[in-house]
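An overview of the molecular structure
Listed below are the residues making up each chain.
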Amino acid sequence: MAKAPVLTPQADDFPRWYQDLITKAELADNGPVRGTMVIRPYGYGLWERMQQEMDARIKSAGAQNAYFPLFIPQSYLTREAEHVEGFAPELAVVTHGGGKELEEPVVVRPTSETIINEYFSKWVQSYRDLPLLINQWANVVRWEMRPRIFLRTSEFLWQEGHTAHATYEDARDYAARIHRDVYADFMVNVLGIDVVLGRKTPRERFAGAINTLTLEGMMRDGKALQMGTSHELGQNFAKAFDTQYLSRDGGRELVWQTSWGVSTRMVGGLIMSHGDDNGLRVPPRLAHVQAVVLAIKGDDAVLAQVREVGDRLAAAGVRVQVDDRTDVPFGRRAVDWELKGVPVRVEIGPRDLENGTAMLVRRIAGGKEPVRAEALAELLPKVLEEDQALLLRESRERREAATSDVRTVEEAAEVATSGGWARIPWAELGPEGEARLAEQAVSVRCLVAEDGSVPASDDAPGTVALAARSY
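Keep in mind that what you see is a predicted model, and the values were worked out from it rather than measured.

1. Looking at the overall build of the protein chain
Counting secondary structure elements, the protein chain contains 14 helices and 23 strands. Taking 23 Å as the expected radius of gyration for a compact globule of 471 residues, we find that the protein chain reaches 25 Å, a close match to that expectation. Each of the 471 residues in the protein chain was classed as buried or not, and the buried ones make up 53%. Looking at the protein chain alone, contacts between residues at least 24 apart form 69% of all its contacts between residues at least 6 apart. Of the roughly 20,600 Å² that the protein chain leaves accessible, carbon and sulfur atoms contribute 48%. For the protein chain, the separation between the mean place of its 56 positive charges and that of its 69 negative charges on side chains is 3 Å.

Written as structure tokens, this is what we have:
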């Protein structure tokens, strides 16, 4: 009788595979309130690495971290009509506190444009105060009707950037810089996901924005996942909150603004982009554990060698963990690390010790081979970079193979419902065709130029729509 697989195979039931992996790789669990999640230490370690990489890029773009309150007066949201209308179904509202009814209900932060603009209007007085570039790492609450861990939860973690500029051009260019130099650079070069950079259609645009730039990744089931967005807010919030500055010529001007964010949804994207039937595969540049050194047996000499190899790898700059839990069967530990997707396992037992070798097991490329123990510190950094490149190449090739050029709404819907992406000229699809696709649960993920760049406007010549089913 064949042994039952550890995970439901992707080909049998992709959503079940996803849930199995989250549970068995000990990434997260459901919270006590519907739609919330508990992120377990290994899953949180992935998020911490994402934070570190993103935070460095955000600061390189000139933004500084700050923090704003979780509770927002309800009246703040009503100042920008389009914004509150866009978020109204998702709001969590507090009406009582300290045993008494509040004089004014407060909203649990769904996003911070309104409260940050309240303070921007105080802090910005002159052109000398601009640009004002602020980022915060926080949690937000958006009441989710169809929750799925990491992808759609009522509470999630993220960063949200908010900026104020003297001119439209400066705000536009900064939103594009975040989109390209912060988000795309991180997702391609660290997450190993070959995202498409594009422009959202008016239908899909962030509530209150005049333009939304997006990064879309193809998951292994062919669906799209919006990995992050950068918005040009124009002067909509500046008008609502009267955020003005004294210009160089002495006049009073409204600021131009941006906002941008990525969230723990990226953990879900990581799982669905790189995971296979054996578990997660973590890109080496992201992994908080790049290599695990396992003792096969509890022999004192073996344990000493395992710890020495771990020290040498750490000194070589490898993020390493030593697994010397020989009271747990070796096979179980090996399967657990495979599920967690650690890029490299180094396995050492009595025979390896006798031969001066270790068994090198590669999670991403696959395969195992004995290598000289003394060569590991020099070899592993090269192996990790090879595997990082492999994941990105697989991501790109998978998307290209599953993307088809079509000419009609019907063809686009057929491609999307069969698990691919459709490229269709925006001039031929248009808002009417987009609405027809939406009736079949297919959305225009973004608009791109024929050369793959981001179009300067919704109706730029040669603009192509990418249509797909999405998460």
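2. Side note on the environment of Pro-425
Mapping Pro-425 onto the fold places it in strand β21 (residues 421-425). Once the C-alpha coordinates of Pro-425 and Pro-202 are considered, the two residues, 223 residues apart in sequence, prove to be 16 Å apart.

3. Some thoughts on a nonpolar patch on the surface
Together, Val-33, Trp-143 and Met-145 give the surface a local cluster of nonpolar side chains, amounting to about 300 Å² of exposed area. Positionally, Val-33 belongs in the loop between β1 (28-30) and β2 (37-39).

4. A short note on the packing of helix α2 (residues 41-60) against helix α6 (residues 168-189)
Two numbers describe how α2 lies on α6: the axes approach to 10 Å, and their chain directions differ by 150°. The angle between α2 and α6 places the two elements in the roughly antiparallel class. Pair α2 / α6 crosses with right-handed handedness. Touching Met-50, Glu-53, Met-54, Arg-57, Ile-58 and Ser-60 of α2 are Arg-177, Asp-181, Val-182, Tyr-183, Asp-185 and Phe-186, all from α6.

5. Describing the pairing of strand β14 (residues 256-263)
With 7 of its 8 residues buried, β14 lies for the most part within the structure. Of the strand pairs in this sheet, strand β8 (residues 155-165) and β14 are connected by 8 bridges, and their pairing is antiparallel. When the sheet's bridge partners are listed, His-165 is paired in β14 with Trp-256.

6. With respect to the sheet that holds strand β15 (residues 291-295)
What links the strands of a sheet is backbone hydrogen bonding, and the strands pair in either a parallel or an antiparallel sense. With respect to topology, 5 strands assemble into an open sheet ordered β16-β15-β17-β18-β19, the strand pairing being mixed. Two strands in the sheet have a free side with no partner beyond their single neighbour: β16 (320-323) and β19 (368-372). Averaged over all neighbouring strand pairs, the angle between strand axes comes to 25°, with direction disregarded. For strand β17 (residues 344-348) and strand β18 (residues 357-362), the ladder comprises 4 bridges, and the chain directions are antiparallel. By the bridge assignment for β18, Val-344 is matched with Arg-362. Packed on one face of the sheet, helix α12 (residues 376-401) meets β15, β17, β18 and β19 and runs near 10° to β18.

7. Re the packing of aromatic side chains
What the rule picks out here adds up to 10 aromatic pairs. Judged by centre distance (5.1 Å) and plane angle (35°), the rings of Phe-14 and Trp-17 are tilted. Of this pair, Phe-14 and Trp-17 are both found in helix α1 (residues 14-24), 3 residues apart, which corresponds to roughly one turn of the helix. Taking relative accessible area as the criterion, Trp-17 reaches 0% and is therefore assigned buried. Ring centres of Trp-47 and Trp-137 lie 6.0 Å apart, and the angle between their planes is 75°; this geometry places the pair in the edge-to-face category. In this pair, Trp-47 is assigned in helix α2 and Trp-137 in strand β7 (residues 132-141), connecting sequence segments 90 residues apart. When sorted by exposure, Trp-47 lands in the same class as Trp-137, which is buried.

Calculation rules
Residues numbered from 1 in each chain as written. Predicted model: local features only at pLDDT ≥ 70, side-chain atom pairs only at ≥ 80, totals over all residues. Heavy atoms only, no water. Helix = DSSP H or I, 4+ residues; strand = E, 2+ residues; numbered from the N terminus. Rg over C-alpha atoms; globule rule 2.2 N^0.38 Å. Buried < 20%, exposed > 50% of the residue type's maximum accessible area, 1.4 Å probe, protein only. Contact = heavy atoms within 4.5 Å. Areas by Shrake-Rupley, 256 points an atom, 1.4 Å probe, with all protein chains shown as cover. Lys, Arg positive; Asp, Glu negative; His and termini not counted. Charge placed at Lys NZ, Arg CZ, Asp CG, Glu CD. Patch = residues over 30% accessible without salt bridge, like charges linked within 9 Å, V, L, I, M, F, W, Y side chains within 5 Å. Salt bridge = Lys/Arg side-chain N within 4 Å of Asp/Glu carboxyl O. Axes fitted to C-alpha atoms, helices over the stretch in contact; angles between N-to-C directions. Parallel < 35°, antiparallel > 145°, perpendicular 65-115°, else oblique. Left-handed = near helix turned anticlockwise from the far one by under 90°. Pairing = 2+ DSSP bridges. Phe/Tyr/Trp six-rings, centres within 6.5 Å; stacked < 30°, edge-to-face > 60°.

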